[in-house]
Number of protein chains: 2
Amino acid sequence: MAKKEVKSEFKVTPWEVTGEVDYEKLVKQFGTTLIADKVKKKIEKCHPLLRRGIYFSHRDFDKWLEAHEKGKKVSIITGRGPSEKMHLGHLVPFLVAKSLQENFDCEVFIPISDDEKFYVKENLTFEQALEYSKDNILDLIALGFKPGKTFIFQDFVFTDIYKYAARVAKRMTYSTAKAAFGLKPEQNVGWSFYPAMQAAHILFPQFVRGAHISVVPVAIDQDPFIRLSRDIAEHPDFNFTKPAALHAKFLPSLAGGAKMSSSEGSQIFLSDSADEVKKKINKYAFSGGQATIEEHRKLGGNPDVDVSFQYLKMFFEPDDAKLAKIEKDYRSGKLLTGELKAILIEKINAFLKEHQKRREEAKKQVDKFLFKA
Amino acid sequence: MAKKEVKSEFKVTPWEVTGEVDYEKLVKQFGTTLIADKVKKKIEKCHPLLRRGIYFSHRDFDKWLEAHEKGKKVSIITGRGPSEKMHLGHLVPFLVAKSLQENFDCEVFIPISDDEKFYVKENLTFEQALEYSKDNILDLIALGFKPGKTFIFQDFVFTDIYKYAARVAKRMTYSTAKAAFGLKPEQNVGWSFYPAMQAAHILFPQFVRGAHISVVPVAIDQDPFIRLSRDIAEHPDFNFTKPAALHAKFLPSLAGGAKMSSSEGSQIFLSDSADEVKKKINKYAFSGGQATIEEHRKLGGNPDVDVSFQYLKMFFEPDDAKLAKIEKDYRSGKLLTGELKAILIEKINAFLKEHQKRREEAKKQVDKFLFKA
């Protein structure tokens, strides 16, 4: 106990991530569970984000898998606070949800919290909030979720959600919401209420389909919100099953920062042209390579910090053998940073070309994906 | 300034009324305006509650009258937190609203805050809240509001109200709501949000009909909520007209207490039978008469504190000449307490008989009165 660890301090809250995160330590702090080999085996055919360890921790996901194995109903819930336009980082939980839907053939619920964005962004108008939602919904549908098994709803359109939020709100004190969401008295009462709305989103599959286990894929910093919903779930008013969670590590931004964020101006937007992607990757993607070609050939690159490689690993190169070869060649110095970037650029552009086409098609499919009471 | 008034202290907040209320002093404290003769003249054909001074104070009601005179749109908004069953006291603002509608031919909006009751009453279930609303709506329709000009909605049914509440919520801080509503951190976040919902109710006529002046009849203790809505109305997000208000004095309970309340067990419910009414009035109605018939004949009664007389004055004897005669006879001792009570009993029972008949008819008319987007 007296042994003092010399490690950089880190801090993870839903609003702030600082220092170099020690994920094993964080799991202990939060009281979550590392994804064990037994669980990993059951998701080895899922999206790279799941099977390559970006999702590394969980709550009750083992129970979710067991329920599915026993033929019981399971579902997935993952929401989105709509923004002007979506970037690659925004896709993470949805790619996971889609992959789980494909592998376990279950319903996916996608609440769009236009109310949250409206409360939090001082200058966002009500009409803009609605527009952002409509825009983002097209990107989500374009990902290829199953119609008839995927249910999207906006809080400001499917206003029946207020009835569910009210039932949750009755069982959540301001103190509790304040502690989990860091509420301040000078913030508006929309913020005060939103914790109940968010918990209603997480519990929504059970509100409309009866008690069953649902899983929420989130970044690990969002776990306090999951805990809040799990507490509410067990209230005698509901008698729901505690929702399960899958926790992701923080994804690096293009520039290599700890948490992907759209405020850096170097994001790959889903609407970017092939040329924009090429420019952004070449200009911003943090490189694990050496300063000169000569040095790189001699010393090799470091794929562990190279953002292009990480993007291939997380999103764009599902083939394990191909990825291993890229990693090996980059580490040995055979593959140059420019070449690695070229591989990524091609992959991203192939993905975006298809995505943008499907997004156009999605415009005619919206109604098929909207939740109806 | 040094002169010390020897007067009983009083306190008026939305949650507490203590001491003998000095209404003139209260008007100064609250910054409202006494209803002047000029205004009184314009409502001299209205319900006794208005023309006999029970409504004694206002905010901008003179502007409301002027707008109407100029042919501009005006409206009335008065809500109800639904309860198991309604009693006579609950009717006060609705009798006033109905009378204003008749005299000024304008729209009336009636929000039913089943959400508020649900948040505040620990053991009230969601289903019960809905039931109470349905029940109370029948009583409101039975009062004889104009169909096509009267719009009732329940927060838990017309959930579109959430969109309006959200827009208000964005412009109301928790501090502000806390100050006006006395919020406590151990209360649920439904309570935290409700101040925005209530303001959305008060501003609802303007949300759906555009900016115009609307008046809210309330008991004077509710004025802090009016002030809150008036502040919100002027926010650039809305650019609404500050809603006007009409303030009532506190009505005596049957037993003569300062504020009519359903917790005393001696209320006249709208569902009471003729026999129940007779028993309650005879048993509970606080008398201004003397202890014995002989003394009463000699000294006379005091109609100012006699609840039966007050009920006739406020509700049941619209004919000024008849009321004056009853007052005179009671004061002189010619009319005995038992006789006065008999007059009231007959009046109430005639009213309730008609009301109960109309309530049955109302069951088929509900749809005509529900607000539709």
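Since we're looking at a predicted model, the values are computed, not measured. (Residues numbered from 1 in each chain as written. Chains lettered and ligands numbered in written order. Predicted model: local features only at pLDDT ≥ 70, side-chain atom pairs only at ≥ 80, totals over all residues. Heavy atoms only, no water.)

A. Main features of the sheet that holds strand β8 (residues 213-219) of chain A. Residues and elements named next belong to chain A. In spatial order, the strands read β3-β4-β9-β8-β5-β6-β7; together these seven strands make up an open sheet with mixed pairing. Here the strands that pair on one side only, and so sit at the sheet edges, are β3 (33-34) and β7 (150-154). For strand β5 (residues 74-77) and β8, the ladder comprises three bridges, and the chain directions are parallel. Of the residues in β8, the one forming a bridge with Ile-76 is Val-215. Against the sheet, helix α4 (residues 61-69) makes contact with β4 (55-59), β5, β8 and β9 (244-248), and its axis sits at roughly 140° relative to β8, the strand it touches most. (Pairing = 2+ DSSP bridges. Helix = DSSP H or I, 4+ residues; strand = E, 2+ residues; numbered from the N terminus. Contact = heavy atoms within 4.5 Å. Axes fitted to C-alpha atoms, helices over the stretch in contact; angles between N-to-C directions.)

B. Broad picture of the state of the cysteines. For the coordinates displayed, the defined rule picks out zero disulfides over all chains. The cysteine Cys-46 of chain B is free of any disulfide, with Cys-106 of chain B supplying the nearest cysteine sulfur at 10 Å. (Disulfide = S-S within 2.5 Å.)

C. Representation of unusual backbone geometry. The backbone phi angle of Asp-105 of chain A is positive, close to 45°, even though this residue is not glycine. Structurally, the position occupied by Asp-105 of chain A is in the loop between α5 (92-104) and β6 (107-112). With phi around 55°, Asn-239 of chain B is a residue other than glycine that occupies positive phi space. With respect to the helices, strands and loops of the structure, Asn-239 of chain B is situated in the loop between α11 (223-233) and β9 (244-248). Note on Asn-239 of chain B: relative accessible area 56%, which makes it exposed. (Buried < 20%, exposed > 50% of the residue type's maximum accessible area, 1.4 Å probe, protein only.)

D. Up close: the side chain of Arg-230 of chain B. Residue and element names in this part refer to chain B. Note on placement: Arg-230 falls in helix α11. A polar contact is formed between the side chain of Arg-230 and the backbone oxygen of Pro-243, at a distance of 2.8 Å. Apart from the residues within four sequence positions on either side, Arg-230 is in contact with Arg-59, Asp-60, Lys-242, Pro-243 and Ala-244. (Polar contact = N/O pair within 3.5 Å; in protein donor to acceptor, adjacent residues only side chain to side chain.)

E. Structural detail: the interface of chain B and chain A. Every contact between the two is made by 34 residues of chain B and, on the other side, 34 residues of chain A. Roughly 2,900 Å² of surface becomes buried between chain B and chain A when both sides are summed, with 61% attributable to carbon and sulfur atoms. Of all residues in chain B, Tyr-162, Lys-170 and Val-189 of chain B bury the most surface against chain A, accounting for 27% of the area lost on that side. The interface formed by chain B and chain A holds two salt bridges in total. One salt bridge in this structure joins Glu-122 of chain A and Arg-171 of chain B, with 3.2 Å as the shortest N-O distance. (Buried area = accessible area lost by both parts, 1.4 Å probe. Salt bridge = Lys/Arg side-chain N within 4 Å of Asp/Glu carboxyl O.)

F. Spatial organisation of the pairing of β4 of chain A. Residue and element names in this part refer to chain A. Burial within β4 is extensive, with five of its five residues counted as buried. Direction of pairing for β3 relative to β4: antiparallel, over a ladder of two bridges. Bridging across to β4, Leu-34 finds its partner in Ser-57. The pairing of β4 with β9 spans four bridges and is antiparallel. When the sheet's bridge partners are listed, His-58 is paired in β9 with Leu-246.

G. Structural detail: the packing of aromatic side chains. Counting across every chain of the model gives 61 aromatic pairs over all chains. Taking the centre distance of 4.9 Å and the plane angle of 50° together, the rings of Tyr-164 of chain A and Phe-207 of chain A count as tilted. With Tyr-164 of chain A in helix α8 (residues 161-169) and Phe-207 of chain A in helix α10 (residues 189-209), the pair connects residues that are 43 residues apart, well separated along the chain. Taking relative accessible area as the criterion, Phe-207 of chain A reaches 14% and is therefore assigned buried. Geometrically, the ring pair formed by Phe-207 of chain A and Phe-238 of chain A is edge-to-face, given 5.6 Å between the ring centres and 85° between the ring planes. In this pair, Phe-207 of chain A is assigned in helix α10 and Phe-238 of chain A in the loop between α11 (223-233) and β9, connecting sequence segments 31 residues apart. Comparing Phe-207 of chain A with Phe-238 of chain A, the two get one shared label, buried. Here a set of aromatic residues connected by ring pairs shows up, and it is made of Phe-118, Tyr-119, Phe-126, Phe-156, Tyr-162 and Phe-193 of chain A together with Phe-118, Tyr-119, Phe-126, Phe-156, Tyr-162 and Phe-193 of chain B. (Phe/Tyr/Trp six-rings, centres within 6.5 Å; stacked < 30°, edge-to-face > 60°.)

H. Up close: the environment of Phe-56 of chain A. Residue and element names in this part refer to chain A. Of note, Phe-56 is situated in strand β4. Taking the C-alpha atoms as reference points, Phe-56 and Leu-228, separated by 172 residues in sequence, lie 21 Å from one another. With residues near it in sequence (within four places) discarded, Phe-56 still touches Tyr-23, Val-27, Thr-33, Leu-34, Ile-35, Ile-220, His-247, Ala-248 and Lys-249.

I. Up close: the relation of the copies chain B and chain A. Note on the identical chains: chain B maps onto chain A by a rotation of 180° and an axial translation of 0.0 Å, with an RMSD of 0.0 Å. The superposition of one copy onto the other is thereby described by a two-fold rotation axis. Mapped onto chain A, 100% of the interface residues of chain B again fall at the interface, so both copies present the same surface. (Least-squares fit on C-alpha atoms with pLDDT ≥ 70 in both.)

J. Molecular detail of the packing of helix α9 (residues 174-181) of chain A against α10 of chain A. Residue and element names in this part refer to chain A. Relative orientation of the contacting elements α9 and α10 amounts to 85°, with a least axis distance of 9 Å. Classified by the interaxial angle, the pair formed by α9 and α10 is roughly perpendicular. In this structure, α9 uses Tyr-174, Ala-177 and Phe-181 to contact α10, whose residues at the interface are Ser-192, Tyr-194, Pro-195 and Gln-198. Classifying every residue of the contact of α9 with α10 by side-chain character gives five nonpolar, two polar and no charged. (Parallel < 35°, antiparallel > 145°, perpendicular 65-115°, else oblique. Nonpolar A, V, L, I, M, F, W, Y, C, P; charged D, E, K, R; others polar.)

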